[in-house]
Amino acid sequence: MTKDYIIDIQHLSKSFGGVKVLDDIDFYVRRGEFITLLGPSGCGKTTLLRQIAGFIAPDEGRILLEGKDISGIPPHKRPLNTVFQRYALFPHLDVFDNVAFGLKLHKIPAKEIEMRVQKMLKMVSMTDYEDRSVDSLSGGQQQRVAIARALVNYPKVLLLDEPLAALDLKMRKDMQLELKEIHRKMGITFIYVTHDQEEALTLSDTIVVMNEGRIQQIGTPTDIYNEPVNSFVADFIGESTILNGTMICDRKVEFMGHEFECVDEGFGEGVPVDVVVRPEDVCISSSLEGAQFSGVVESCIFKGVHYEMFVDTDKGYELMVQDYDSFEPGSRVGLSIKPDDIQVMRKERTCNTLEATVEDRDHISMLGCSWECTVPEEFKQGDEVLAEVAFDKVDLLDNQEDGKLGGEVHFLLYKGDHYHLTILTDEGDHLWVDTDDIWDKGDLVGIDILPSDIKIKRKNG
Amino acid sequence: MVKRSNWSIPYLVFMMVFVVLPLLLIVLYAFQDGAGHFTFSNITHFFSDSDSLSTFAVSIEVAIENTLICILLGYPAAWILANRKYNRSAVTVVLFLMPMWINALMRTLATAELFNMLGVALGKGTLLFGMVYDFLPFMIYPIYTTLMKMDKSYAEAAEDLGAAPWTVFWKITVPLSLPGVMSGVLMVFMPTVSTFAISEFLTNNKIKLFGTIIQENINSSMWNYGAALAFIMLVIIGITTLFQGSERGEVEGGLI
């Protein structure tokens, strides 16, 4: 039933200068919904919004508005309006003329314009500001005028591009509530772009989590928070500890050196998984009795409502715990996690699998350079093969020149006892690395792999 | 420890000797007769002399025409240069502005030679051609910089609200680039009033401009009357600058 969808985005892709900014984006927006595109900067969310507004044409795919393809329609003919990140209020017009701009273009009678502008200014609590120049307004007031200017045209969909990003925290919180209220009163569909996960959780009916041009997960705020589908979403939304685990059998998972009851089924037996534990879901107590495992409090910081503690567990993992009570650093505590507070996720990969070509008996070429390794007898020169390298067998070096090839730390994830890094090589390939060393995002590294750690496999099909 | 403000002394001295002092001398000479006695006769002479007045009127007329032509030609040129769709290289911008690097006198002489060679009769047409040729870059550049600095999101916002490209241009781009046009006008209109070389070379002095009569008076040692004319021109320039200053709180962009 496409008819319920006010916007239907089908297989949208876009590249800028050979880099894929959006990759096969496919989702729909229900009429009247408040939907948020959430992701870190550079994930493509703003590009997607600008495509809906019509400022950028997609390379592939379609955007349907009420079932009609609007891909070829210029922005000024689309019944959508945008609230821009920096408001973009016209500096040569006063507040009234800014808000009336769209109505005047549509040749609406002056009386009606007057009425609608007044009504809209009242809605955003900006009555009596009609004659003010926009330069004389504060950031929050400009934001209100920008919202009024867009909404006064009664668009089918309101697009908001990080509208609160330039406001300070207190004002942002107030505006969030007001936006929600405006959305409820007007009943217009809102598509909202933000990198602030808390904002997304507060405002949205539906959240679309994006990273590197792809949709990671679509769901209600509760779904996304409680049941993240992969380690990116778990890490991005809220605080969490992500750990390597093994599914022993249905409803039983092993991590941090202990077995836990959980509610997940259907993963298979002995399968490696990622386990997400939210810090507020860990029960902490000073008595070890009845606890599933124990640990020693390492640090304790007061965070306003709760205390945030890092606990060294009995098997050498670090776990973040939030509780209303504080526990002295150095004290021994009992810890347990309820079955339905353990979120198990399928691993996206368990080792690096790279495309390679056999050069001779003991060399292959992959990642844009030549590597020494032992090539099994069955392969001959020129064969296309797969090379497998375990996460912890990739060596990272401080100096790019010291490695076989250079790369950059692209994304990092703390997994309780080690870091899981995504490295973007100079050639544009991804490598995943487990390491105990501390790196920062954006660090330049040299990459090396020992010949004995490269396993050659036949390419399937 | 030497105070930082002391560093400005050389500049102050320079300003005094080469800007303030000459201006004072102009005022002094303007209100003196040949013998050095104070008089208003130079000023009254100008306002009662129909030749001077008509030259002045012609100068203003030519200056207005030149400025209008420069806006009409310069604005579209600046707009195209500032538009990434049509122009992506800084080289084209430099090509447009390069005439500014060459001495105006040389360009004017060359233009006059060209007209001679082509057998074009010198007159009002050639005068305006020479002026536009000389002053166009001074109109293009300030407009170009204002357009370049203009936040693209204004145009996008207008388009988003339903304005077709042409409406966006008239309702957003033009009003927002007016400060650039204003400084362009300042840079073209004022110098045109006082120019004399262009009219000399390109009309063979058939058309006299205000600058020409100042030059003629000074050349024939009529220092006092020449100074009075220069003083009158300064006052007019001063008044017009004041007008422009009050029109907008600040003149953004441009060369001034």
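Residues numbered from 1 in each chain as written. Chains lettered and ligands numbered in written order. Predicted model: local features only at pLDDT ≥ 70, side-chain atom pairs only at ≥ 80, totals over all residues. Heavy atoms only, no water.

1. As for empty space enclosed by the protein
What counts, and what does not: We place a 1 Å grid over just the protein atoms. Points where a 1.4 Å probe fits but has no way out form a cavity, open points with protein on both sides within 12 Å along at least 5 of 7 lines form a pocket, and any residue with an atom within 4 Å of a point lines it. Grid points are joined across faces, edges and corners, and a volume is the space filled by probe spheres set on the points. Strands here mean DSSP runs of E at least two residues long; helices mean DSSP runs of H or I at least four residues long; both are numbered from the N terminus. Gly counts as polar in this scheme, as do all residues outside two lists: the nonpolar Ala, Val, Leu, Ile, Met, Phe, Trp, Tyr, Cys and Pro, and the charged Asp, Glu, Lys and Arg.
Taken as a whole, this structure holds two cavities of 30 Å³ or more when the rule is applied. Approximately 60 Å³ is the volume attributed to the largest cavity. Lining the largest cavity, in full, are L49, R50, A53, F55, T82, F84 and D161 of chain A. With three residues, the top contributor of residues to the lining of the largest cavity is helix α1 (residues 45-53) of chain A. Approximately 50 Å³ is the volume attributed to the second largest cavity. Around the second largest cavity sit F56, I60, F189, M190, V193, M233, I236 and I237 of chain B, which together line it. For the lining of the second largest cavity, the elements supplying multiple residues, two or more each, are α3 (50-82), α8 (165-194) and α11 (223-247) of chain B. The residue inventory of the lining of the second largest cavity, partitioned by class, reads eight nonpolar, no polar and no charged.

2. Things to note about helix α10 (residues 210-219) of chain B
The following threshold applies: Relative accessibility thresholds used throughout: buried, under 20% of the residue-type maximum; exposed, over 50%; partly exposed, between the two (1.4 Å probe, protein chains only).
The set of residues buried in α10 of chain B consists of F210, G211, T212, I213, I214 and N217 of chain B. S221 of chain B, located one to two residues past α10 of chain B, shows a positive phi value of around 60 degrees.

3. Comments concerning the interface of chain B and chain A
Applicable threshold: Contacts: residue pairs with any heavy atoms within 4.5 Å of one another. Put simply, buried area is how much 1.4 Å-probe accessible surface two parts lose in total, over both of them, once they are put together. One side-chain nitrogen of Lys or Arg within 4 Å of one carboxyl oxygen of Asp or Glu is enough to make a salt bridge. Polar contacts, as used here, are pairs of N or O atoms within 3.5 Å; protein pairs need one atom able to donate a hydrogen and one able to accept it. Residues neighboring in sequence count only if both atoms are side-chain atoms.
At the junction of the two partners, chain B supplies 18 residues and chain A supplies 21 residues. In this assembly, chain B packs against chain A so that about 1700 Å² is buried in total across both faces, 67% of it on carbon and sulfur atoms. The three residues of chain B that bury the most area against chain A are E156, D160 and L161 of chain B, which together make up 40% of that side's buried surface. On the surface where chain B and chain A come into contact, there are one salt bridge. The tally of links from chain B across to chain A stands at four residue pairs in polar contact (both at pLDDT 80 or more). The element best represented in the side of chain B that touches chain A is helix α7 (residues 152-160) of chain B, accounting for seven residues. Its residues placed into classes, the side of chain B that touches chain A shows ten nonpolar, three polar and five charged.

4. A short note on the domain arrangement of chain A
Short version of the rule: For the purposes of this description, domain bounds are those given by an automatic or database domain assignment.
Looking at chain A, the domain boundaries give domain 1 (2-231), domain 2 (239-346) and domain 3 (352-458). Computed over C-alpha atoms only, the centres of domain 1 of chain A and domain 3 of chain A are separated by 42 Å.

5. A closer look at the environment of L412 of chain A
Residue and element names in this part refer to chain A. Within the element layout of this structure, L412 appears in strand β26 (residues 405-414). Sequence separation of L412 and G316 is 96 residues, and the distance between their C-alpha atoms is 20 Å. When residues no more than four places from it in sequence are discounted, the contact partners of L412 are Y419, H420, L421, W439, D440 and K441.

6. Looking at the sheet that holds strand β13 (residues 258-261) of chain A
Think of a sheet as strands paired side by side through backbone hydrogen bonds, with each pair either parallel or antiparallel. All names here are of chain A. Where we set the bar: Between any two strands, at least two bridges found by DSSP are needed for them to pair. Fitted lines through C-alpha atoms give the axes, limited to the stretch in contact for helices. The angle between two N-to-C directions lies from 0 to 180 degrees.
Strand order in the open sheet made by the five strands is β13-β12-β11-β14-β20, with antiparallel pairing throughout. Looking along the sheet, the strands with just one partner apiece sit at the ends: β13 and β20 (342-346). Taking each pair of neighbouring strands and ignoring which way they run, the sheet shows an average axis angle of 40 degrees. Summarising the sheet, strand β11 (residues 241-249) and strand β12 (residues 252-255) pair through four bridges and their orientation is antiparallel. In the sheet register, C249 faces β12, and the bridge partner there is K252.

7. Here we look at the sheet that holds strand β5 (residues 68-69) of chain A
Residues and elements named next belong to chain A. Strand order in the open sheet made by the four strands is β2-β1-β4-β5, with antiparallel pairing throughout. Every interior strand has two partners, whereas the edge strands, β2 (19-30) and β5, have only one. Sheet topology note: the strand β4 (residues 60-65)/β5 ladder contains two bridges and is antiparallel. When the bridges of β5 are listed, L64 appears paired with D69. Against the sheet, α1 makes contact with β1 (5-16), β2 and β4, and its axis sits at roughly 120 degrees relative to β1, the strand it touches most.

8. Structural notes on the confidence of the model for chain B
Regions with low pLDDT should not have their predicted coordinates read in detail. Residues and elements named next belong to chain B. What counts here: Per-residue confidence from the predictor is reported as pLDDT, which spans 0 to 100.
Chain-level pLDDT for chain B is 85 on average; 94% of the residues reach the 70-or-more range. This stretch, residues 248-256, has a pLDDT under 50; its non-local contacts, to residues over four places away or in other chains, come to 21 contacts. Across the assembled chains, the prediction reports ipTM 0.78 with pTM 0.81.

9. Let's talk about the side chain of T108 of chain B
Mapped onto the elements of the fold, T108 of chain B is located in helix α5 (residues 104-118). Apart from residues no more than four positions distant in its own chain, T108 of chain B is found in contact with D134, A197, I198, F201 and L202 of chain B.

10. So, the packing of aromatic side chains
Using the following cut-off: Centres within 6.5 Å make a pair out of two Phe, Tyr or Trp rings, where for Trp the six-membered ring is used; the pair is then stacked when the planes are under 30 degrees apart, edge-to-face when over 60, and tilted otherwise. By definition here, charges over rings are those cases where NZ of Lys or CZ of Arg is within 6 Å of the ring centre and within 35 degrees of the ring normal.
Under the counting rule described, the total for this entry stands at 29 aromatic pairs over all chains. Measuring from centroid to centroid gives 6.2 Å for Y29 of chain B and W223 of chain B, while their planes differ by 40 degrees, and the two rings are tilted. Taken together, the residues Y29 of chain B in helix α1 (residues 9-30) and W223 of chain B in helix α11 connect sequence positions 194 residues apart. The exposure class assigned to W223 of chain B is partly exposed, which follows from its relative accessible area of 47%. Here the aromatic rings of F46 of chain B and F56 of chain B are separated by 6.0 Å at their centres, their planes lie at 85 degrees, and the arrangement is edge-to-face. Placement of the pair is F46 of chain B in helix α2 (residues 41-48) and F56 of chain B in helix α3, with a sequence separation of ten residues. Members of the aromatic cluster, connected to one another through ring pairs, are Y75, W79, Y86, W166, F169 and W170 of chain B. When the ring centre of W371 of chain A is taken as origin, the NZ or CZ atom of K404 of chain A, which lies over that ring, is 5.5 Å away.

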